[in-house]
Amino acid sequence: MSSRSSGALKRRLAVGVLVLLSLVLVTLSFGSGEDGSLSRVQSAGASALRPFAVGAERVAQPFRDAYGWVDGLVGARSEAERLRAEVRELRQRAIQSEFALQENEYLRRLLRYLDGPRFPDDFDPVAAEVIGRPAGAFAQAIVVSAGSRDGVVAQDPVVTADGLVGIVTRVSRGTARVQLLTDQEAAVSAVDLRTGAEGIVLHARGTRETLVLDRVRKQDVVRLGDEVVTAGWSTAGLTSLYPKGIPIGKVTSVGQTDTDLFQQVQVDPYVDFGGLDAVLVLVPKERTP
C-alpha cells in the first residue's frame, strides 16, 4: 500500500472514530439526565472555561465600543453637513425675499402706486338667488334676486365659491341683471398667478363657455395648469371694476405663431355658467352704510 493511500485511510478512520465517539457521548448525555456523571463533567468543564470566556468578552468590548463610536461620529458629521447646507440655502432664500420686498416697496413709492381693492377683504357679499335668464340663444346673462334695496349698484362684481361670474349691468329695487364673463362684450384684466404674465380674459369665439387670456406678450411665460385670477389694477385715480385675486380659470392650452403679436392662451373657467342657481354680489365696504 502506498503512503498516500495509507494517509487517506488513517484520516477516514480518525473521522469515523470521532463520529462514533460523538454518538456515544450524545447517547450517554440523554441517558444520564441532568444529574448524571456526564452532566457533572460538562458543568465542570463549562465552569473551568468561564473565566476565559469572560476575559475574551472584556477584551472584545472596547473594540465594539470603539466601532460604535466611530460609526456614530461619521453619521453625526454627515447629518451636520446636511443641516449646514440646508441652513445656507434657507439663508440665501431669506436674503432674496428681503431684497425683493425692499425693491417692491421702493418701486411702489417711486411710482406712487395705489393698490386696488382686494377680494374678499374689501367687500361685503350679498347672497342672491338666480331667478331668471334673458331670452335669446346667445344671451349670456342672468337675473338675480338682489337690487338697490340691498345696496347693489351697476358695475358691482359677482362671484360664486368657485370664482368670477361677471358684473352687474342693470339694477332695479329688488333684482339685478348680471352680464356673465362668457358674454362676447365682457372683458376683465387678469394675471397668471404663478408667472405674473398679464392679459385680458375674453370670451372665445365659436364657443359658449370657453375663455381666452388675450394680449399676453410672447416673451411672457404661461404654462399649462396655471391659475388665472383678476389683476385688480388701480392707477391715476382709475380702478378696475373687478377686485384683485378672484379666481377665473385654469390654462388648458398655450400656443403662438410667427405672425401673431401675442400668445394664444385658452382658459377653462372654474364656474359652471350653465348651472348657476345662487351667486354673491360684492358690495364695497366703503359704500356700505
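Residues numbered from 1 in each chain as written. Predicted model: local features only at pLDDT ≥ 70, side-chain atom pairs only at ≥ 80, totals over all residues. Heavy atoms only, no water.

A. View of the overall build of the chain. Across its full length, the chain carries 2 helices and 14 strands. By residue count, 27% of the 289 residues in the chain fall in the buried class. In the chain, the proportion of contacts linking residues at least 24 apart, taken out of those at least 6 apart, comes to 58%. (Helix = DSSP H or I, 4+ residues; strand = E, 2+ residues; numbered from the N terminus. Buried < 20%, exposed > 50% of the residue type's maximum accessible area, 1.4 Å probe, protein only. Contact = heavy atoms within 4.5 Å.)

B. Region of interest: the sheet that holds strand 5 (residues 176–180). Taken together, the 6 strands give a closed barrel; going around it, the order is 1-2-5-4-3-14, and neighbouring strands pair in antiparallel fashion. With strand direction ignored, the average angle separating the axes of adjacent strands in the sheet is 45°. Two strands pair when backbone bridges link them, and strand 3 (residues 157–159) and strand 4 (residues 164–171) are joined in this way by 3 bridges, in the antiparallel orientation. Within strand 4, the position partnered with proline 157 by the bridge is isoleucine 167. (Pairing = 2+ DSSP bridges. Axes fitted to C-alpha atoms, helices over the stretch in contact; angles between N-to-C directions.)

C. Representation of the pattern of salt bridges in the model. Inspection of every chain in the model, using the stated rule, returns 5 salt bridges. A salt bridge links glutamate 79 to arginine 82, with the shortest nitrogen-to-oxygen separation between them at 2.7 Å. Here arginine 82 and glutamate 79 lie together in helix 2 (residues 37–111), a separation of 3 residues that amounts to about one turn. Given a relative accessible area of 38%, glutamate 79 falls into the partly exposed group. In this structure, arginine 217 and aspartate 220 form a salt bridge, with 3.0 Å as the shortest nitrogen-oxygen distance. Overall, the relative accessible area of 16% leaves aspartate 220 in the buried class. One salt-bridge network, in which partners are shared between bridges, spans Glu79, Arg82 and Glu86. (Salt bridge = Lys/Arg side-chain N within 4 Å of Asp/Glu carboxyl O.)

D. Highlighting the sheet that holds strand 8 (residues 211–214). The sheet built from 6 strands closes into a barrel, its strands ordered 6-7-8-13-12-9 with antiparallel pairing. Ignoring which end each strand starts from, the neighbouring axes of this sheet average 40° apart. By the bridge criterion, 3 bridges tie strand 9 (residues 227–230) to strand 12 (residues 247–255) in an arrangement that is antiparallel. Each bridged residue has a counterpart across the sheet, and for glutamate 227 the counterpart in strand 12 is lysine 250.

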